[in-house]
Each structure stands twice: as structure tokens, then as C-alpha cells.
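Inside the fold
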Amino acid sequence: MGGKGECMPPCRVETTIALPMSVSSIAVIGAGTMGSGIALTAAQSGIKAFQIDLHQATLDKAKTGHAKSLARLVEKGKMQQADADAALARISYCTDMAQAKGADWAVEAATENVEIKKKLFKAMQSTFGAQCVLATNTSSISITDIASAVGADAHRVIGMHFFNPVPIMKLVEVIKGLATSEETTQRTIALAKAMGKTPVPANDRAGFVSNRVLMPMINEAFHAWMEGVAKPEDIDQIMLLGCNFPMGPLRLADFIGLDVCHDIMMVLHRELGDPKFFPCPLLRQLVQAGRLGDKTGRGVFEYPAK
Ligand code: 3HC
């Protein structure tokens with residue numbers, strides 16, 4: 001191991017290696033907010049997408065969302081109807097991973113739980129071909145730990161962290177595990193670019209860069225609210241107008257999901273061992289009450305039913 005900051009070889013975004021083969025089909029495991037956004041973005045980039053989820057109802061919801069997003073783009077004059085139809089036709093909705101076995105890329109976007117992810121990676125390893133990259137959209141879990149589920153295939157496991165809403169957020173955080181090969185990294189960078197994203201490398205430490213910095217800030221906003229420093233709407237207004245945030249931290253927490261914020265803080269706390277990462281009691285309480293944000297109609301704020 002090297003000195004400070006050199007514990008993992010950083011992946012470089014700019015490279016001269018002429019490796020990446022183009023991706024023609026991608027299996028996206030999980031059809032929640034992130035998975036459905038990844039599948040749509042791939043389809044809009046001309047890549048055939050298999051949207052996979054155990055639950056038909058989740059797939060139906062994703063499909064309705066895809067159709068609505070594309071219709072909005074057509075309405076705004078940003079896309080031709082024929083292109084929207086073609087993008088939608090590129091997405092297949094499957095309850096069985098085996099239906100996507102010909103895919104040359106797989107990205108997992110399931111629940112943020114390490115045991116669930118390891119089980120899925122074993123299934124991905126036995127379903128997809130030996131050249132298929134096995135990516136995870138985990139927001140905070142160690143890539144090295146997830147990769148341990150697939151033994152000798154760990155070299156083709158990588159973190160490909162997208163941001164919500166996927167179709168419009170430019171970043172893909174690219175995270176190498178200890179065994180991730182340079183080829184897997186370069187192919188991931190190429191795919192992110194082909195999907196219109198900007199890949200930026202981060203090392204395999206809990207929360208990587210994005211959530212290591214974002215989540216404690218959101219957690220601190222809950223502390224400020226709990227201590228009565230300001231009302232939630234004023235906390236957000238202050239950050240919106242004073243720091244030029246597109247959304248205040250509490251509105252953003254609802255948007256991400258309070259359960260997701262809570263779970264990421266727990267990973268940071270467990271993995272980095274610093275009490276500063278412990279979730280704010282008020283955040284925990286709202287999660288316990290089922291106030292998860294936009295998806296349940298109420299979190300910090302209330303949202304009208306869509
Ligand atoms: N899908 C596609 N397009 C969308 C969209 C969606 N879900 N939501 C909004 N848009 C588009 C709108 O159609 C609009 O497009 P237009 O300019 O062409 O008309 C544009 O985005 C702006 O949307 P709105 O005018 O409705 O609203 P805003 O200007 O407030 O923008 C926002 C909405 C883009 C979500 C903006 O508020 C924002 O950037 N918020 C911060 C989002 C953020 O921080 N995301 C990262 C979360 S952390 C994460 O994902 C990591 C995870 O690990 C936790």
C-alpha cells in the first residue's frame with residue numbers, strides 16, 4: 001500500500017488506451033427510481049435496455065414513467081415522436097434475469113443492502129457472459145465487498161454511481177474495487193460517455209466522494225431543524241438563496257428518500273467509525289414513522305398525490 005491518498009489506484013478518466021468496445025445492450029437490475037432512470041437514459045442513447053425487477057407492479061410503474069418522460073420531451077419539442085417511440089421500443093421489461101442473458105453489460109440498482117447485492121451479483125455472474133461488466137449503482141457500499149461474492153470474476157465488478165434524476169444529472173462516479181481491471185474501468189468510462197455522462201473517479205471508501213460530502217450536510221440540516229435553529233422551509237431557503245443550491249438540503253432529502261439518506265449515514269458510520277456520521281434522531285424518527293419523502297407523499301414536507 002502506498003502513502004497518504006494512495007491506498008487505491010485511482011481510475012483515470014482521460015486515457016489513451018484504445019480498448020472500449022461499444023455496448024449494444026444493458027441489463028438494469030432493479031426498476032426503482034435509479035434503475036428506471038438508468039434504463040431510460042441507456043435507451044435514449046441508442047442502447048437496448050432490459051429493465052429487470054422481481055415485481056411486475058414496479059416494472060409497470062417504470063414503464064409508465066418512461067412513457068411520460070419521453071412524452072414530456074416530445075411536448076417540449078426536444079425530441080421527435082419517432083425517436084421517443086424508438087427509445088421506448090428499446091426497453092424490454094422482465095421479471096426474470098435470464099430473459100436478459102444476452103446483454104453485454106449489467107448494472108445493479110437494487111436495494112442498498114450488501115447481502116441482497118451479493119446475492120444478485122452471484123446471479124449476475126451465472127447469468128451473463130464472461131465478457132459482461134458487472135456494475136453496481138451502490139451509493140455507499142464497498143465495491144470490493146460486493147465483488148467478493150463473485151470470486152475470480154471480481155476484476156469485472158465496478159461501481160457506476162448515477163445521480164437522480166438520471167436522465168439529467170451529468171455525473172457518473174466511477175469506483176474501482178481492489179480487483180477491478182483497467183479494462184473494466186476503461187469500458188465503464190466509455191459507456192458513461194456514450195450515455196452522455198461525465199465519468200469522474202473516486203476510490204472505494206464508504207460513500208465515495210458524493211455521499212461522503214452530501215449526506216453529512218443533509219444530516220446536519222436535520223440537526224439544525226431538531227435544535228430549532230430555523231424552520232425546515234427556512235433552512236432550505238437559506239441554502240437555496242445563500243449557497244445557490246438547486247434544492248434545499250431537506251427538500252433534497254425528501255427527493256432522495258429519507259430511508260436512503262438514513263441507510264447511507266449508517267454505512268458511513270459503520271465503515272468510517274466516526275460518531276459524526278450517526279443519523280440525526282429526527283431523521284431516524286421520520287423514517288420509523290414511514291415519512292420517507294416524495295415516494296410516500298410526506299417526509300420533511302408534504303407532497304400532493306401525483
Ligand atoms: N427526468 C427527466 N427530466 C427531469 C426530471 C426527471 N425526473 N426532473 C426534472 N427534469 C427536467 C425538467 O423537465 C426540466 O427540463 P427543461 O429545463 O428542459 O424544461 C429540468 O429538468 C428542470 O426541471 P424543473 O424546471 O421541473 O425543476 P428544477 O429547475 O427545480 O430542476 C432538478 C429539478 C433538476 C431535480 C433540480 O432541482 C436539481 O438539480 N436538484 C438537485 C438534484 C440532486 O442533487 N440530485 C442528486 C441527488 S444525490 C444522488 O442521486 C446520489 C444517491 O446516491 C443518493
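Bear in mind that the values here come from a model prediction, so they are computed numbers and not experimental data.

So, about the domain arrangement of the protein. Often, the extent of an interface is quoted as the loss of accessible area on bringing the components together. Domains assigned within the protein are domain 1 (25–202) and domain 2 (212–295). Using C-alpha coordinates to define each centre, domain 1 is positioned 26 Å away from domain 2.

Next up on the list: the environment of His155. With respect to the element layout, His155 can be found in the loop between α5 (143–147) and β6 (157–161). Residue classification places His155 among the partly exposed positions, given a relative accessible area of 34%. Taking the C-alpha atoms as reference points, His155 and Glu108, separated by 47 residues in sequence, lie 16 Å from one another. Each residue touching His155, except ones within four places of it in the same chain, is listed here: Ala179, Thr180, Ser181 and Thr184.

With that out of the way, let us pick up the site of the ligand. By nearness alone, 16 residues border the ligand, and Lys76, Lys78, Ser139, His161 and Asn164 come closest of all. In the environment of the ligand, an oxygen atom lies 2.6 Å from a nitrogen or oxygen atom belonging to the side chain of Lys76. In this structure, an oxygen atom belonging to the ligand sits 3.0 Å away from a side-chain N or O atom of Asn211. Looking at the shell around the ligand, the element that brings in the most residues is helix α7 (residues 210–226), giving 3 residues.

Quick look at the nonpolar core now. One finds Ile26, Ile38, Trp105, Met160 and Leu191 to be the most contacted residues of the largest nonpolar core, which totals 29 residues. Taken together, the elements giving at least two residues each to this core come down to β1 (25–29), α1 (33–44), α3 (81–89), β4 (105–108), β5 (133–136), β6, β7 (171–176) and α6 (182–194). The contact partners of Met160, leaving out residues within four places of it in the chain, are Trp105, Ala135, Thr136, Asn137, Val172, Glu173, Thr188, Leu191 and Ala192.

This part is about the packing of α7 against helix α10 (residues 258–272). With their axes 10 Å apart at the nearest point, α7 and α10 run at an angle of 115° to one another. Relative to α10, the element α7 lies roughly perpendicular. Taken as a pair, α7 and α10 cross one another with a handedness that is left-handed. Of the residues in α10, those touching α7 at Asn211, Arg212, Met215, Pro216, Ile218, Asn219 and Phe222 are Leu258, Cys261, Ile264, Met265, Leu268 and Leu272. Split by residue class, the contact of α7 with α10 holds 10 nonpolar, 2 polar and 1 charged.

Next up on the list: the side chain of Ser140. Residue position: Ser140 is located in the loop between β5 and α5. Not counting the four nearest positions on each side in its chain, Ser140 is found in contact with Glu112, Ala206, Gly207, Phe208, Ile264 and Val267.

This part is about unusual backbone geometry. Cis geometry marks the peptide bond from Asn164 to Pro165; its omega dihedral reads 0°. Structurally, the position occupied by Pro165 is in the loop between β6 and β7. Of note in the backbone geometry, Phe208 takes a positive phi value of approximately 50° without being a glycine. Here Phe208 is to be found in the loop between β8 (198–202) and α7. Using a relative accessible area of 4% as the deciding quantity, one classes Phe208 as buried.

In this section: the side chain of Thr136. Its place among the elements puts Thr136 in strand β5. Overall, Thr136 belongs to the buried group, its relative accessible area being 0%. Not counting the four nearest positions on each side in its chain, Thr136 is found in contact with Val107, Glu108, Lys117, Phe121, Ile143, Ile146, Ile158, Gly159, Met160 and His161.

Pairing within the open sheet is mixed, and its 8 strands lie in the order β3-β2-β1-β4-β5-β6-β7-β8. Edge positions in the open sheet fall to β3 (91–94) and β8, since each of these has one partner strand only. With strand direction ignored, the average angle separating the axes of adjacent strands in the sheet is 25°. In the sheet, β7 pairs with β8 via 5 bridges, with the strands oriented parallel. Looking across to β8, one finds that Val172 is bridged to Pro199. Each of β1, β4, β5, β6, β7 and β8 touches α6; the most contacted strand, β6, lies at about 25° to it.

Okay, a positive patch on the surface next. A cluster of basic residues, Lys68, Arg72, Lys76 and Lys78, forms a positive patch on the protein surface. Tracing the sequence through the fold places Lys78 in the loop between α2 (56–75) and α3.

Once that is clear, we can look at the environment of Glu75. By secondary structure assignment, the location of Glu75 is in helix α2. What makes Glu75 exposed here is its relative accessible area of 68%. When the C-alpha atoms of Glu75 and Ser142 are compared, they prove to be 41 Å apart, with 67 residues separating the residues in sequence.

Bringing helix α11 (residues 281–288) into the picture now. For α11, the set of buried residues is Leu282, Leu283 and Leu286. Projected down its long axis, α11 carries its buried residues within an arc of 105°, all on one side. For α11, exposure combined with an orientation more than 90 degrees from the buried face picks out Gln285 and Gln288. Buried-residue contacts for α11 involve α7 and α10.

About the cut-offs
Position labels on residues start from 1 in each chain and follow its written sequence. Only residues with pLDDT of at least 70 get local features here, since the model is predicted, and only at 80 or more are side-chain atom pairs given and counted; chain-wide, interface and lining totals rely on the full set of residues. The basis for every side-chain value is the complete set of non-hydrogen atoms in the structure, without hydrogens or water. All domain edges in this entry derive from an automatic or database-based domain assignment. Strands here mean DSSP runs of E at least two residues long; helices mean DSSP runs of H or I at least four residues long; both are numbered from the N terminus. Buried, partly exposed and exposed residues are distinguished by accessible area as a fraction of the type maximum, computed with a 1.4 Å probe on protein chains only: under 20%, between the cut-offs, and over 50%, respectively. Any two residues having at least one pair of non-hydrogen atoms within 4.5 Å are treated as being in contact. Only a single heavy atom is needed: when it lies within 4 Å of a molecule or strand, its residue is near that molecule or strand. Under the rule applied, a polar contact is a pair of N or O atoms within 3.5 Å (in protein, one hydrogen donor and one hydrogen acceptor; residues adjacent in sequence only if both atoms are side-chain atoms). To qualify as a nonpolar core, a set must consist of buried Ala, Val, Leu, Ile, Met, Phe, Trp, Tyr and Cys residues joined through side-chain atoms within 4.5 Å. Fitted lines through C-alpha atoms serve as axes, helices being fitted only where they are in contact, and the angles separating the N-to-C directions of these axes extend from 0 to 180 degrees. The cut-offs work like this: below 35 degrees is roughly parallel, past 145 is roughly antiparallel, 65 to 115 is roughly perpendicular, and the gaps in between are oblique. By definition, any crossing whose near helix is turned counterclockwise from its far helix by less than a right angle is left-handed, and any crossing with a clockwise turn is right-handed. For this classification, the nonpolar set comprises Ala, Val, Leu, Ile, Met, Phe, Trp, Tyr, Cys and Pro, the charged set comprises Asp, Glu, Lys and Arg, and every other residue, Gly included, is treated as polar. Whether two strands pair comes down to DSSP finding at least two bridges between them. Surface patches are drawn from residues lacking salt bridges whose relative accessible area is over 30%; two like charges belong together within 9 Å, two nonpolar side chains (Val, Leu, Ile, Met, Phe, Trp, Tyr) within 5 Å. The method behind every accessible area is Shrake-Rupley, applied with a 1.4 Å probe, and residues are considered shielded solely by the protein chains displayed. Note on definitions: salt bridges are taken to be side-chain nitrogens of Lys or Arg within 4 Å of carboxyl oxygens of Asp or Glu. By the counting scheme adopted, Arg and Lys are positive, Glu and Asp are negative, and His together with the chain ends is not counted. Every charge is mapped to an atom, namely NZ of Lys, CZ of Arg, CG of Asp or CD of Glu. This arc is built from the directions going out from the helix axis to the C-beta atoms.

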